[in-house]
Every structure is written in structure tokens, then in C-alpha cells.
Amino acid sequence: MKQDLKPIEEDGPERDELRALLRRWRAPQAPPEIEDALQREFRRRRARRRPVLWVPLAAAAALIVAWLVRPANLPFSTTSPKAPVVPVSSPAPPLRTAEPDRSSGATPAVAEPGRARRRSTPWPKQPQVVVEPDQAALLAELGRTLSRTRQAIPGTAIPQMPEVEVPRYLEEWQTVTGEWPLVQQSDAMGGR
Amino acid sequence: MGRSDGALLEATLAGDEAAFLEIYRRHRDRIYRFAYRMTGSPEAAADVTHSCFVGLLEVPSRYDAQRASLGTYLCAAARNLSLRHASRAWRERPVADLAERQPAPGPSPLESLLEDERARVVREALATLAPLHREVLILAEYEDLDLAVIALVVGAQVGAVKVRLHRARRKLRATLEIHMRSGMLLVE
């Protein structure tokens, strides 16, 4: 037994006498009105709590239904590939909202502002080359010129450099002693 | 064998009214008796008991099953609520207008009168105790709780409870000594 739980010795017989005296004061039973009041309180709280539980459930169900009945050709459909994230610092690609592509039926007639950057076709996997507008025109002109040149001269290829034998003095080098900074010369030159 | 207090509390929080009433019926007598003896008023005891169980519905997270049993927790809640009443009663000392509502157990009117008078003397002697002394005496002598549980209920160390209990008994004995000498509180 713990020290604190030991009975106090001086409370031995006197304690029994005192306890017998105290027992003369009896407490009544709890009145039944308390149980009735608690029952009403419990029902009131449960009724008040029910809508709180059902609101998020109803909202979740509505969202699921809205997701299931959405049009299949919406640009944010899950079947379309995810558009890559364009860095903010880089110039955004030109939006084709003014002239929508009529050939594909998937594009809506009027592009919504929030959906203008979403595309149903995947982005090219090649790295994006950012150029100035004038540079783009020059590059396009260069490409066209190169294409015309190749079409005019079929079989054109980059000329190969002829293989040349390396001179011996370029392969044998040695450090010149006594010089600062270090100087190297070929054996052919040193032998002169 | 019925469900445990923890299972009943879980069912209560899930909306099971029968589980809540079962918790109440298990613990109502001790809570009400304790509150009645602390406040000395049946109305205040009913108010404390009601608030005690409503508090369990309001903030059930306050009850930590790792620290104490549900009965001990409810007793501690009743103690806190009773102290508010008792502290007012302690300042105002309204012991003169306390009325005993229970029917007298004695067979004859004279015996009933004597029993009522003895109960009144004991009740008034308890009312002279400070609330911190009265609560430990009630929990120890009427509810038969051991010192460790009393310490949990009143939120004190076991040693402090022991000291308070000793002082409460000494003070009560001194208060009742006059009546004991007169033979009115003779122990059969």
C-alpha cells in the first residue's frame, strides 16, 4: 500500500463514530424530472445536429452527380492529356480565341476566358524555343530558303573534311627548362 | 452484463438516446447525492446533476478515459459545479432555511421528529466546513471513495486530500461534540 493511502491512525474508532453520525443525514433520490429534462435536451441537440451532418454529405453527392453527368467533350475531360505548366516569366503562347479552329468539332464556338489555355491536343514534346517576333520571321525565311535550296540541288550533303596526317613535331613536345612561365616546344624545334 | 461506460459514451455521441439514459441511470445517484450534500439544496443538486450530464453532451472530448473512469469524471464535474453553489452558500450561510424533503423513516411521529432533528444537526455541522474540506469528507464518508479517486475528483495530490480529510473530521467532531454530550446524537 502506498504511504498516502494508509489510514490515519488517530481516525480509527473515532472515525467509525463520526461516520455513524454522518449517516444520520440521508440524501434523497434524484428526482425523475432530471431524466426527463436530459432526455429533452438530448433530443433537441440531436435534432439540431442532424442538418450539420447532412449538409456536407448532400454537397458531396451533388458534386459527384455533377461530375458524372458533365458533357464528355469538355476540354477539362479526364481523357485529355494534362497541359504543361508554362512559366510565368516566359511569354505565353498566342491564344487562338479570335480565330477558333473550325475543322475540329471539339473546340467550342466561343472560347471561355477561363478555358482558353486548356487544349485538347497534347503539347509538342520538343523543347519550346522562345524567339523575338523578328527572329521568328528570319528563322522562317531561312528555313524556307534552305528548303528551296535542297529541292533545287537534290543529293546535297555537307562536304566532309579530308583526313590530313598530323606532322610529327606537333605530337612531341617538351618543357623548356629555366623559363618562367613554362614554355613548351617540340622536339623538332628544340633539336635545331 | 451491460456495455461499458466507454461504449455507451460512443453510442451516445452517435445519437443513441438509450445509451445516454443508461449512462445517466448508472451515475445519477452518486452525482445527485454528492451535489445535494455539497450544496445542501435539492434544487441546486438537481441543477448540478442536469448540468453535469449536459456538459458531457456539450464537450465530450473533455473526458479522457486514460485519466479516470467516467464516474470519476462526472463526479469531478459535479464537484466543480457544486463549488459554485457552495461558495455562495458558504459566504451567505443559508443553513437556517434548508428544508429536508425526504420522508422520515421512523415509525412514530416522535421518532421521525428526532431523526429529522439529528439530520439537521449533521447537515448544519457539514455546512460549517469549508468547501474544500466538505467535499473530501463527503466523498470519503458518504461515497466511500478511496484517497486516490478523491484526489482525481478534486484535482489535488493524495497527500493534500489526506490533510484536508483529517482537518475536516477534526472540525466536524468539534462541532458535533456539544450534541454528542447532550445525548441527542447517540450512536446505536
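Refer to the structure presented above.
Residues numbered from 1 in each chain as written. Chains lettered and ligands numbered in written order. Predicted model: local features only at pLDDT ≥ 70, side-chain atom pairs only at ≥ 80, totals over all residues. Heavy atoms only, no water.

**Q** When you look at the overall build of chain B in this model, what are you seeing that I'm missing?
**A** A count of helical and extended segments in chain B gives eight helices and zero strands. Mapped from its N terminus to its C terminus, chain B presents α and β elements in the order α-α-α-α-α-α-α-α. Burial analysis of chain B (188 residues in total) assigns 49% to the buried set. When contacts within chain B are restricted to residue pairs at least 6 apart in sequence, long-range pairs at least 24 apart make up 62% of them. Only carbon and sulfur atoms are counted for the fraction: they give 53% of the accessible area of chain B, which is about 9,100 Å². (Helix = DSSP H or I, 4+ residues; strand = E, 2+ residues; numbered from the N terminus. Buried < 20%, exposed > 50% of the residue type's maximum accessible area, 1.4 Å probe, protein only. Contact = heavy atoms within 4.5 Å. Areas by Shrake-Rupley, 256 points an atom, 1.4 Å probe, with all protein chains shown as cover.)

**Q** What am I meant to see in the nonpolar core here?
**A** In globular proteins that are soluble, nonpolar side chains generally tend to be buried together. In this structure, Phe 53, Leu 126 and Leu 172 of chain B are the most contacted members of the largest nonpolar core, which totals 64 residues. Ignoring anything within four residues of it in the chain, the contact list for Leu 172 of chain B reads Leu 18 and Leu 22 of chain A together with Ala 125, Leu 126, Leu 129 and Leu 137 of chain B. (Core = buried A, V, L, I, M, F, W, Y, C linked by side-chain atoms within 4.5 Å.)

**Q** Please clarify how the packing of aromatic side chains should be interpreted in this entry.
**A** The geometry of two aromatic rings is summed up by the distance between their centres and the angle between their planes. Taken as a whole and assessed by the stated rule, the structure comprises six aromatic pairs over all chains. On the numbers, 5.7 Å between centres and 45° between planes, the contact of Trp 25 of chain A with Tyr 36 of chain B is tilted. One end of the pair, Trp 25 of chain A, is in the loop between α1 (12-22) and α2 (32-68); the other, Tyr 36 of chain B, is in helix α2 (residues 17-39), on a second chain. Trp 25 of chain A sits in the buried class, given a relative accessible area of 1%. Taking the relative accessible area as the measure of exposure, Tyr 36 of chain B reaches 1% and is therefore buried. Taking 5.2 Å as the distance between ring centres and 15° as the angle between the ring planes, the aromatic pair formed by Phe 42 of chain A and Phe 20 of chain B counts as stacked. Residue Phe 42 of chain A is located in helix α2, and its partner Phe 20 of chain B is located in helix α2; the two belong to separate chains. (Phe/Tyr/Trp six-rings, centres within 6.5 Å; stacked < 30°, edge-to-face > 60°.)

**Q** Help me out: how do you make sense of unusual backbone geometry in this one?
**A** For residues other than glycine, phi is negative in most cases, and the peptide bonds are mostly trans. Despite not being glycine, Asp 144 of chain B has its phi angle at roughly 55°, a positive value. Here Asp 144 of chain B shows up in the loop between α6 (131-142) and α7 (147-154).

**Q** Help me understand empty space enclosed by the protein in this model?
**A** Remark: the empty space left among the atoms is shown by a probe the size of a water molecule rolled over them. Counted according to the given criterion, the structure contains two cavities of 30 Å³ or more. By volume, the second largest cavity is sized at about 30 Å³. Elements with a contribution of two residues or more to the lining of the second largest cavity: α1 of chain A together with α8 (158-182) of chain B. Top contributing element to the lining of the second largest cavity by residue count: α1 of chain A, with four residues. (1 Å grid on protein atoms, 1.4 Å probe; cavity = no way out; pocket = protein on both sides within 12 Å on 5 of 7 lines; lining within 4 Å. Points joined across faces, edges and corners; volume = space filled by probe spheres on them.)

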